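Structural overview
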Amino acid sequence: MSQVKKVITRFKKSNELKRCSQCSFLYFCNKNCQTKAWEMHKAECKCIMKAKPNLPSTSLRFIALIIFNIKKNGQDQPVEDVYGRKVSFRTLMSHSGEIKKCVKRSQQIIALAGTLKDYIGKDNVPPPAEFIEIFGKMAINSFSIADNEMQTIGTGLYLGASVFDHSCSPNADVVFDGINVHIHAIKHIPHRDISKVYISYIEQLDLTEKRRNALLEQYYFYCHCEKCSTSNNDDLMTKLLIPEEKAKIHLIKFQAKLKEIERMKKSKAGPSTLYSACMDELASQDKILADTHIFRVKILEIAFDACVWINQWADAVAIGEQLLNPYRLYYGNYHPLLGIHLFKLGKIQVFLNLPSSFETLQQAENIIKVTHGETHPLYQDLWNLLQESEKYSSLSSLNTEE
């Protein structure tokens with residue numbers, strides 16, 4: 001629906017990154033990229049060198065870059081026009097009132113302000129009231145920049161994209177191509193009223209209470225979207241194959257094991273260990289949890305990734321296929337995560353010479369064409385593989401007939 005340019009950050013994959021010769025901290029794609037970024041980097045370059053041997057955290061660098069940008073251009077520049085709505089840093093919502101009342105956020109701000117004084121100099125840190133406003137706008141309006149597999153690789157502040165409100169059942173999605181954020185309609189939108197275009201701010205694959213709590217804590221609003229106002233998804237996400245009374249003790253164990261496995265993944269446990277833990281847990285859930293239960297779906301996700309890491313391709317296909325029905329139920333027919341999952345599954349099926357690969361890739365293409373657009377590099381990669389798969393499928397058919 002709309003492509004919005006970047007404001008703060010820059011990312012691009014390269015096998016030969018060039019390191020800044022002064023701070024030796026930042027890397028750039030090439031000399032041209034470094035020259036373009038110098039106007040923004042030169043202020044923080046001095047700060048990084050002064051801070052050595054301590055290195056700035058991502059959040060510290062991010063808010064420092066915003067402050068440098070404000071000091072240079074003010075809060076009214078740059079301006080983006082999104083369907084007639086003028087957006088600048090000044091117009092962004094900050095929720096500063098709610099932030100002041102939040103003990104956790106207040107402590108975070110105090111700690112950040114103290115560290116920031118050492119990093120950029122106390123004369124460059126705005127007065128407390130203005131700093132809270134800046135912090136709030138950063139915290140409320142930032143986007144997690146994701147790669148082609150929807151894995152977070154950075155954070156960016158995008159003025160144009162900040163105009164879109166949230167829904168747990170969005171009619172538009174957010175994808176990235178390097179630093180460029182793309183907003184695409186994934187449902188029919190029969191009007192040009194930007195206030196009726198919704199994206200999702202959070203992970204959709206959660207129960208209503210957890211989603212609402214996450215939104216309340218991060219964005220200070222209680223969600224009343226269509227998905228949160230019905231119990232359909234929650235019923236499926238908690239569906240059992242045995243009576244609830246008999247399942248209680250099992251559910252406690254399943255929840256504890258899920259948290260343990262998530263911690264293992266976060267701490268980068270060995271993929272073989274992670275794979276074994278997931279497979280054991282899936283076996284224990286069998287005949288107790290329905291295929292749509294949230295505990296089972298989340299274990300399946302981790303198990304699928306673990307299978308890929310250790311080249312357990314047959315298991316990857318079996319687990320990947322089990323995820324398709326829950327994904328369609330919870331994400332809808334057009335969602336980047338469903339499309340990307342189908343693409344991964346199709347690639348594995350191609351590798352195993354499975355006849356189902358072409359159909360899987362076609363399904364992925366139908367989705368990614370909508371969620372990413374035909375010019376996105378991910379779609380181009382998928383299209384090329386689809387053409388190769390179609391040729392192979394045609395040749396195999398001819399050979400079979402002969």
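Let me begin by describing the structure that accompanies this report. (Residues numbered from 1 in each chain as written. Predicted model: local features only at pLDDT ≥ 70, side-chain atom pairs only at ≥ 80, totals over all residues. Heavy atoms only, no water.)

1. Topic: the overall build of the chain
We count it as follows: Under the DSSP-based scheme used, a helix requires at least four consecutive residues in state H or I and a strand at least two consecutive residues in state E, with every element numbered from the N terminus. Note on method: radius of gyration uses C-alpha positions; expected globular size equals 2.2 Å times residues raised to 0.38. Two residues qualify as a contact provided that any one of their heavy atoms is within 4.5 Å of a heavy atom in the partner residue. Using a 1.4 Å probe, the Shrake-Rupley method yields the accessible areas, and only the shown protein chains count as cover for residues. Residues scored as positive are Lys and Arg, those scored as negative are Asp and Glu, and His as well as the terminal groups of each chain are ignored. The location of each charge is read from NZ of Lys, CZ of Arg, CG of Asp or CD of Glu.
On a plain count of helices and strands, the chain comes out with 14 helices and 11 strands. In terms of C-alpha radius of gyration, the chain reaches 24 Å, essentially the compact-globule figure of 21 Å for 402 residues. By principal-axis analysis of the C-alpha atoms, the chain measures approximately 75 × 55 × 50 Å. When contacts within the chain are restricted to residue pairs at least 6 apart in sequence, long-range pairs at least 24 apart make up 63% of them. Carbon and sulfur atoms form 51% of the exposed surface of the chain, whose accessible area is close to 21600 Å². The chain carries 51 positive and 44 negative side-chain charges, and their two centres are separated by 9 Å.

2. Looking at the environment of Ser106
So the rule is basically this: What qualifies as a polar contact is a pair of N or O atoms within 3.5 Å, subject to a donor-acceptor requirement within protein and to the restriction that residues adjacent in sequence count only when both atoms come from side chains.
Of note, Ser106 is situated in helix α4 (residues 103–120). Residues Ser106 and Ile132 lie 26 residues apart in sequence; the distance between their C-alpha atoms is 8.9 Å. Every residue in contact with Ser106, bar those within four places of it in the chain, is listed here: Ile99 and Lys100. Polar contacts involving the side chain of Ser106 include one to the main-chain carbonyl oxygen of Ile99, which spans 3.3 Å.

3. Here we look at the packing of helix α12 (residues 336–351) against helix α13 (residues 357–371)
The condition is simple: Between N-to-C directions, angles cover 0 to 180 degrees, with each direction set by a line fitted to C-alpha atoms, over the stretch in contact for helices. Roughly parallel covers angles under 35 degrees, roughly antiparallel covers those over 145, roughly perpendicular covers 65 to 115, and oblique covers all other angles. The handedness criterion is simple: a crossing whose near helix is rotated anticlockwise from the far helix by less than a right angle is left-handed, and one whose near helix is rotated clockwise is right-handed. By the convention adopted, Pro, Cys, Tyr, Trp, Phe, Met, Ile, Leu, Val and Ala count as nonpolar, Lys, Arg, Asp and Glu as charged, and the other residues, Gly among them, as polar.
Running from N to C, α12 and α13 point in directions that differ by 155°, and their axes come no closer than 8 Å. The angle between α12 and α13 falls in the class roughly antiparallel. In terms of crossing hand, the pair formed by α12 and α13 is left-handed. Residues Pro336, Leu338, Gly339, Ile340, Leu342, Phe343, Leu345, Gly346, Lys347, Gln349 and Val350 of α12 pack against Ser357, Thr360, Leu361, Gln363, Ala364, Ile367, Ile368 and Thr371 of α13. Taken together, the residues of the contact of α12 with α13 break down into 11 nonpolar, 7 polar and 1 charged.

4. Focus on the side chain of Asn233
One can find Asn233 in helix α7 (residues 232–237). Those residues in contact with Asn233, other than ones at most four positions away along the chain, are Lys227, Leu329 and Tyr330.

5. Structural notes on α13
Because the α-helix completes a turn every 3.6 residues, residues three or four places apart line up on one side. Stated precisely, the cut-off is as follows: Helix span, as expected, comes to 1.5 Å for every residue beyond the first. Burial here depends on accessible area, computed with a 1.4 Å probe over protein chains only, as a share of the maximum for the residue type. Under 20% is buried, over 50% is exposed, and the range in between is partly exposed.
Taking 1.5 Å of rise per residue, the 15 residues of α13 would be expected to cover 21 Å, and the 21 Å separating its terminal C-alpha atoms lies within 8% of that figure. All of the buried residues in α13 are Ser357, Phe358, Thr360, Leu361, Ala364, Glu365, Ile367, Ile368 and Thr371. At the exit of α13 stands Gly373, carrying a positive phi of roughly 90°.

6. Description of the environment of Gln34
Take Gln34: it is sitting in helix α1 (residues 31–51). Since its relative accessible area comes to 14%, Gln34 is described here as buried. The spacing of Gln34 and Arg19 is 15 residues in sequence and 8.9 Å in space, taken between C-alpha atoms. If near-sequence neighbours (up to four positions away) are discounted, Gln34 is found in contact with Lys18, Arg19, Cys20, Ser21 and Phe28.

7. So, the nonpolar core
Just so we agree on the cut-off: Here, nonpolar core refers to any group of buried Ala, Val, Leu, Ile, Met, Phe, Trp, Tyr and Cys residues whose side-chain atoms link them within 4.5 Å.
Core analysis: the biggest nonpolar cluster contains 64 residues, and Ile63, Leu116, Ile120 and Phe131 have the highest contact counts within it. Looking at this core, the elements that each hand over two or more residues are α1, α2 (58–73), α4, α5 (128–141), β6 (142–146), β9 (172–177), β10 (180–185) and α6 (208–219). When residues of this core are assigned to their parent elements, the largest contribution, 8 residues, is made by α2. For Phe131, the contacting residues outside a window of four places in its chain are Ile63, Ile67, Ile109, Leu112, Ala113, Leu116, Val125 and Pro126. Formed by 49 residues, the second largest nonpolar core is a distinct cluster that contains Leu300, Ala316, Tyr330 and Leu382.

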